[in-house]
Structures are given as C-alpha cells and as structure tokens.
Amino acid sequence: MPAALLLRLARATAFATVCVGLGVLAHVFAGGTVTVETAAWGQGLSLLAALPLTGRERDLRVILPLLAAVQAGMHVIFAVVDATPAGDSVVQHLHCATPGLGMTILHCAAVTLTAVWLARGEAAVWALLRLAGARVLRLIIAWLAPEPAVGRGPVPAFPEALRLRSALLRSVVSRRGPPAVAFCR
C-alpha cells in the first residue's frame with residue numbers, strides 16, 4: 001500500500017473518529033442512547049465523506065463546513081435510529097431530529113472548536129511532513145553530490161528555493177524595532 005494512501009486513510013480516519021466521538025458524547029450527554037452499530041455506521045459514513053478531501057492540506061474553510069455537515073448527519077442518525085422503537089416508522093420519529101435553539105447553539109460551538117482543533121492539527125502534520133521531506137532531500141543531495149576538489153572553494157549552500165520555513169515560525173508576525181507610535185510627555 002503506498003504511503004500516500006496510508007496517510008490519506010489515517011487523516012480521514014482521524015476526522016471520522018473525531019466526528020463520531022463528538023456526536024456520540026454529545027448525544028449521550030443530552031440523555032440519548034447510541035448503539036455500537038449506529039456509531040459504526042456513522043464512522044463509515046464520516047470516513048466516506050472525508051476520504052475524497054484528504055489529497056492535500058485543508059484549512060478551516062474546508063474543515064468547518066464538512067464537520068458541520070457530518071455533525072448534522074450524526075445528529076439525525078442518532079436521534080432517528082436510536083429513538084425509533086422496533087415496528088415504528090422512521091417518519092413518525094423524525095421530529096426527534098429537529099434540534100431546539102439550545103442544542104443548535106451547542107452544536108455550533110462544538111463544531112467550531114473541533115474544526116479549529118482539526119485545522120491546527122492538519123497544519124502541524126503537513127509542516128512535519130514538509131520538514132521531513134526537506135531533510136530527506138538534503139540527505140539525498142549530500143549523498144549524490146561529488147566530493148569537493150581541493151582548492152575549488154567552499155561547497156555551495158543548499159538552494160534557497162528548497163529551504164523550509166520553520167514549523168514554529170510559519171505564522172509568526174515579526175515586528176522588530178521601536179513602536180510605530182511613541183508617546184511623549
């Protein structure tokens with residue numbers, strides 16, 4: 001199995017696990033019940049929703065709407081499937097899936113916080129992958145580069161275009177120097 005496919009599956013599985021875990025915990029906390037079979041269906045559907053989007057780095061603009069849609073689906077699945085007694089039709093219990101104002105606010109808060117958390121994790125994973133890739137590239141270049149001849153001068157530095165920004169300094173704004181406005185008495 002190629003490494004790219006393994007990375008995509010791992011990212012989609014992490015997303016689906018967070019979605020289902022958040023949905024199950026919130027549903028149980030609100031007094032509902034969730035069977036293992038329903039949670040497994042939710043995991044599979046969340047995985048299928050996330051897998052096509054795992055081909056490249058995603059930010060909050062993609063993660064937040066996807067997470068909101070999956071959470072809305074989880075809410076409907078958990079409210080309808082687990083609240084419907086055997087023999088009753090799902091349509092009779094569809095009103096259970098309509099959230100009130102308080103539940104909607106809690107869903108929005110949980111989705112927003114979780115999406116920010118996932119976006120930060122996504123950025124960290126990609127920064128580590130870029131860092132690891134740059135290190136491997138440096139090793140390959142050093143291994144393939146011929147030994148410098150005596151008297152030829154110093155070995156040229158690593159090409160500027162291939163240098164990596166630090167993962168920690170990726171979003172830092174540097175403001176060196178005195179303040180823009182000085183207050184005098």
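Going by the structure above, here's the rest.
Presented here is a report on the structure given in the accompanying data block. (Residues numbered from 1 in each chain as written. Predicted model: local features only at pLDDT ≥ 70, side-chain atom pairs only at ≥ 80, totals over all residues. Heavy atoms only, no water.)

### Let's talk about the overall build of the chain
Part 1 of the reasoning: Looking only at helices and strands, one finds four helices and zero strands in the chain.
Part 2 of the reasoning: Helices and strands appear in the chain in the N-to-C order α-α-α-α.
Part 3 of the reasoning: Burial analysis of the chain (185 residues in total) assigns 22% to the buried set.
Part 4 of the reasoning: Considering only contacts within the chain whose residues lie at least 6 apart along the sequence, 74% involve residues at least 24 apart.
Part 5 of the reasoning: Counting only carbon and sulfur atoms, one obtains 70% of the accessible surface of the chain, whose full area is about 13400 Å². (Helix = DSSP H or I, 4+ residues; strand = E, 2+ residues; numbered from the N terminus. Buried < 20%, exposed > 50% of the residue type's maximum accessible area, 1.4 Å probe, protein only. Contact = heavy atoms within 4.5 Å. Areas by Shrake-Rupley, 256 points an atom, 1.4 Å probe, with all protein chains shown as cover.)

### With respect to the side chain of Gln71
Part 1 of the reasoning: With respect to the helices and strands, the residue Gln71 is situated in helix H3 (residues 60–83).
Part 2 of the reasoning: Residue classification places Gln71 among the buried positions, given a relative accessible area of 3%.
Part 3 of the reasoning: Only 2.7 Å separates the side chain of Gln71 from the backbone oxygen of Cys19, close enough to count as a polar contact.
Part 4 of the reasoning: Apart from the residues within four sequence positions on either side, Gln71 is in contact with Cys19, Leu22, Gly23, His107 and Val111. (Polar contact = N/O pair within 3.5 Å; in protein donor to acceptor, adjacent residues only side chain to side chain.)

### What to know about the nonpolar core
Part 1 of the reasoning: Judged by nonpolar contacts, the single largest core of 17 residues is most densely connected at Phe15, Cys19, Ile63, Leu67, Val70, Met74 and Leu118.
Part 2 of the reasoning: Counting residues per element, the ones that place at least two in this core are helix H1 (3–29), helix H2 (36–50), H3 and helix H4 (101–144).
Part 3 of the reasoning: In terms of residue count, the dominant contributor to this core is H3 (six residues).
Part 4 of the reasoning: Setting aside its immediate chain neighbours within four residues, Leu67 contacts Phe15, Cys19, Val111, Thr114, Ala115 and Leu118. (Core = buried A, V, L, I, M, F, W, Y, C linked by side-chain atoms within 4.5 Å.)

### As for H2
Part 1 of the reasoning: Helix length check: H2, at 15 residues, gives a terminal C-alpha distance of 21 Å against a target of 21 Å (1.5 Å per residue), a fit within 8%.
Part 2 of the reasoning: Listed in full, the buried residues belonging to H2 are Thr38, Ala39, Gly42, Ser46 and Ala50. Buried residues of H2, seen end-on, are gathered within an arc of 100° and therefore sit on one face of the element. Across H2 from its buried face, at more than 90 degrees, point the exposed residues Val36, Glu37, Trp41 and Leu48. (Expected span 1.5 Å × (residues − 1). Arc of directions from axis to C-beta.)

### A short note on the side chain of Glu122
Part 1 of the reasoning: Along the polypeptide, Glu122 turns up in helix H4.
Part 2 of the reasoning: In contact with Glu122, other than residues within four places in its own chain, are Arg11, Arg56, Glu57, Arg58 and Ile63.

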